[in-house]
Amino acid sequence: MKREILQLGHPLLRQRSREVTREELATPEVQALIFDLIETMRAENGAGIAAPQVGQLLRICIAEVHENPRYPSMPALPLRVWVNPVLHVMSESPRVCMYEGCLSVKGLRGRVTRPARLVVESWDREGAHQRDEFDGPLAAVAAHECDHLDGVLFVDRAESRTLVFLEQFEAFVPQEDRVLVLND
Ligand code: ZN
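Calculation rules
- Residue numbers here run from 1 along each chain, matching the order of that chain's written sequence.
- Confidence filtering applies because this is a predicted model: local features only for residues at pLDDT of at least 70, side-chain atom pairs given and counted only at 80 or more, and all residues used for totals across whole chains, interfaces and linings.
- Note that the side-chain values use all heavy atoms of the structure and ignore hydrogens as well as water.
- Strand pairing is assigned whenever DSSP identifies at least 2 bridges connecting the two strands.
- What counts as a helix is a DSSP run of H or I of at least four residues, what counts as a strand is a run of E of at least two, and both are numbered from the N terminus.
- Contact criterion: two residues are considered in contact whenever any of their non-hydrogen atoms come within 4.5 Å of each other.
- An axis is simply a line fitted to the C-alpha atoms; with a helix, the fit covers only the stretch in contact. Between two such axes, the angle follows the N-to-C directions and lies from 0 to 180 degrees.

Bridge count for strand β2 (residues 60-65) against strand β3 (residues 77-89) is five bridges, and the pairing is antiparallel. The residue bridging isoleucine 60 from the neighbouring strand is valine 83, located in β3. In this structure, β3 lies alongside strand β6 (residues 117-123), joined through five bridges in antiparallel fashion. Note that in β6 the partner of histidine 88 across the bridge is valine 119.

Written out as structure tokens, the structure is:
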């Protein structure tokens, strides 16, 4: 079932979500939440979504990226479900500087700089331990989703002068400036 996505200004988007226990994860309610997050993300063409965006303050987020000719530098990512994720940034990580958007900040983009090399340690939807390593723009996707679990939105991290509405983004932000990996 597609759920309503809370929009910027809703106080639940600003709360810290709490850890999920293995017992909770196995309940039909939490399994349905994960299913609904997937359905909602896909219906809205998002690259990811986190439980607080549908009003559930649990540390669960998901991501999925399809290859898109409009974003040639963004690799594909098969569906990932991260329960209780912890991010480990690799030392001397390059940075990825990318225009981000968010299903909870409809119509707005802004440029955010984040570490490009990190590991996400988490459980999968059955509670098995998993480890995902990223090197490149997908690291920013993972970090964006995990930020939601601490009440942080991309607008908090964006350079304010780069904020741009979607229509103007398409018109004025050159393709080559949309995703950059900085090695210096
Ligand atoms: Zn978001």
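Once you've had a look at it, read on.
The strand order across the open sheet formed by four strands is β8-β5-β4-β9, and the pairing between neighbours is antiparallel. Edge positions in the sheet fall to β8 (164-165) and β9 (179-182), since each has one partner strand and no second. Two elements, strand β5 (residues 105-115) and β8, share two bridges in a ladder whose sense is antiparallel. Across the sheet, leucine 108 pairs through a bridge with phenylalanine 165, a residue of β8. Contacting β4 (95-102), β5 and β9, helix α3 (residues 137-148) runs over the sheet at an angle of about 50° to β4.

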